[in-house]
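Given next are the chains, with one letter for each unit.
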Amino acid sequence: MDQLSAMRIFIRVVETGSFTRAADGLTIPKATVSNMIRNLENHLHAKLINRSTRRVSVTLDGALYYEQALDIVSRLDELDHSLNRSNALPTGRLRLEMAGTFAASLIVPALQEFYDSYPDLQIDLGVSTGEIDYVGDNIDCAILVGTPENSSLVARRVGDLSFVTCASPSYIEKYGRPDHPDDIRVGHRAVGHFRTSSQQLTPFRFTRDGLSVDIDPDYVLTVNDRRTFIEAVIAGLGMGQTPLFTAKQAIVRGDLVQVLPEWEREDVPIFVVYPQNRHLANKVRVFVDWLVKLLKVAKLNEL
């Protein structure tokens, strides 16, 4: 029996709570997973897994073995990566999660440059619409806009997003240009954005000379997709407040104009996150380093 392989499989079964999901994540047959766990239990003369029709659970011995096995495997992987990092390009699959607009507007257009440097990496790019199951879906890392709420994740701040308040020329012609955030409360219309996971609308936020103002305007439309959001604002349905990079091209073309430029909204941080119980693999390191450079070149905070 290959005990190290059996340990890796056992770790995945514990983390996913399922023989099937462990097999899918490791791209091996479910029968192989079952046989390896059975052989491992026979080798150790201990029952590690309680099996049921719905979900597997670890025994007391299994929980103790999981902690030690995870430490051993992580140390071995880190040792391998530390030795290989200087003389070998990363290979394999990199599983990422991020918002669709971030992927379409920033990451995908620049990916060829990444592949030119790391031709043996393949990326599985997931577009997040809600909560992410990092362990169950075998996510290597995710890009999050805003401070992560999950304290069990390791987070690295890689940049910041600036926001802009904007409207179409046709909207300005019809409803006028506000001179103060309070003017938006009455006589103006807005397009709102909400997160699928919380269903909460993001208010318009403004700061100037230490003064902060939050506005809940008259929303005529709310959406959970930034591309749809921008198209709605361009169509003149209402004013919008959005990350600058999502509106930059439309502003340059003249399809949108900036509103209340002297009033700013605080920047929102961008984080790369990954589970604590995984070492930072070389493939993740090179992607994060590339992302940091990309965000600097993209100038997310400049028109």
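Our subject is the structure listed above.
To keep things clear, this report deals only with the structure shown in the data block. (Residues numbered from 1 in each chain as written. Predicted model: local features only at pLDDT ≥ 70, side-chain atom pairs only at ≥ 80, totals over all residues. Heavy atoms only, no water.)

Across its full length, the protein chain holds nine helices and 14 strands. For 303 residues, the compact-globule estimate of 2.2 N^0.38 gives 19 Å, and the protein chain exceeds it by more than 25% at 24 Å. By principal-axis analysis of the C-alpha atoms, the protein chain measures approximately 80 × 45 × 35 Å. For the protein chain, buried positions account for 45% of its 303 residues. (Helix = DSSP H or I, 4+ residues; strand = E, 2+ residues; numbered from the N terminus. Rg over C-alpha atoms; globule rule 2.2 N^0.38 Å. Buried < 20%, exposed > 50% of the residue type's maximum accessible area, 1.4 Å probe, protein only.)

Most of helix α8 (residues 244–253) sits out of view: seven of its ten residues are buried. When we look at burial in α8, the residues that qualify are L244, F245, T246, A247, K248, A250 and I251. Two residues or fewer past α8, G254 is found with a positive phi of approximately 95 degrees.

Below, the discussion takes up the side chain of K283. By the element assignment, K283 lies in helix α9 (residues 282–298). A polar contact is formed between the side chain of K283 and the backbone oxygen of R93, at a distance of 2.5 Å. If we skip the residues at most four places from it in the chain, K283 touches P90, T91, R93, L94, L121 and D140. (Polar contact = N/O pair within 3.5 Å; in protein donor to acceptor, adjacent residues only side chain to side chain. Contact = heavy atoms within 4.5 Å.)

So, about the packing of aromatic side chains. Overall, the coordinates contain ten aromatic pairs when judged by the stated rule. Arranged with centres 6.0 Å apart and planes meeting at 80 degrees, the rings of F102 and F245 form a pair that is edge-to-face. With F102 in helix α5 (residues 100–117) and F245 in helix α8, this pair connects stretches of sequence that are 143 residues apart. Residue F102 shares its accessibility class with F245, and that shared class is buried. Ring centres 6.4 Å apart and planes at 70 degrees place the aromatic pair F204 and Y219 in the edge-to-face group. Remark: Y219 occurs in strand β11 (residues 219–223) and F204 occurs in strand β9 (residues 204–208); sequence separation between them is 15 residues. The ring centre of F229 lies 5.2 Å from the NZ or CZ of R226, which sits over that ring. Positioned above the aromatic ring of F163, the side-chain terminus of R265 is 4.3 Å from the ring centre. (Phe/Tyr/Trp six-rings, centres within 6.5 Å; stacked < 30°, edge-to-face > 60°. Lys NZ or Arg CZ within 6 Å of the ring centre and 35° of its normal.)

Direction vectors running N to C along helix α1 (residues 3–16) and helix α3 (residues 30–44) enclose 115 degrees, while the axes themselves pass 9 Å from each other. Looking at the two axes, α1 sits roughly perpendicular to α3. Here the hand of the crossing between α1 and α3 comes out left-handed. Of the residues in α3, those in contact with Q3, S5, A6, I9, F10 and V13 of α1 are V33, M36, I37, L40, H43 and L44. Broken down by class, the residue content of the contact of α1 with α3 amounts to nine nonpolar, three polar and no charged. (Axes fitted to C-alpha atoms, helices over the stretch in contact; angles between N-to-C directions. Parallel < 35°, antiparallel > 145°, perpendicular 65-115°, else oblique. Left-handed = near helix turned anticlockwise from the far one by under 90°. Nonpolar A, V, L, I, M, F, W, Y, C, P; charged D, E, K, R; others polar.)

Another aspect to go through is the sheet that holds strand β12 (residues 240–243). An order of β12-β7-β13 is seen for the three strands of this open sheet, with the pairing classed as antiparallel. Looking at the sheet topology across the chains shown, the edges are occupied by β12 and β13 (257–258). Here strand β7 (residues 163–167) runs beside β12; their pairing, made up of four bridges, is antiparallel. Its bridge partner lying in β12, T165 is registered against Q241. Contacts from helix α7 (residues 226–234) reach β7 and β12, with the element oriented near 140 degrees to β12. Of the strands in this sheet, β7 and β12 touch α8, which is tilted by about 110 degrees from β12. (Pairing = 2+ DSSP bridges.)

Another point: α1. With 14 residues, α1 extends 20 Å from end C-alpha to end C-alpha; this agrees with the ideal 20 Å at 1.5 Å per step. Taking the backbone nitrogen of L4 as reference, a side-chain oxygen 3.3 Å away marks D2 as the first, capping residue of α1. (Expected span 1.5 Å × (residues − 1).)

This part takes up a nonpolar patch on the surface. Side chains of L4, I72 and L76 sit close together on the surface and give an oily, nonpolar patch of about 210 Å² of accessible area. Mapped onto the secondary structure, I72 falls in helix α4 (residues 60–84). Residue I72 is classed as partly exposed on the basis of its relative accessible area of 41%. (Patch = residues over 30% accessible without salt bridge, like charges linked within 9 Å, V, L, I, M, F, W, Y side chains within 5 Å. Areas by Shrake-Rupley, 256 points an atom, 1.4 Å probe, with all protein chains shown as cover. Salt bridge = Lys/Arg side-chain N within 4 Å of Asp/Glu carboxyl O.)

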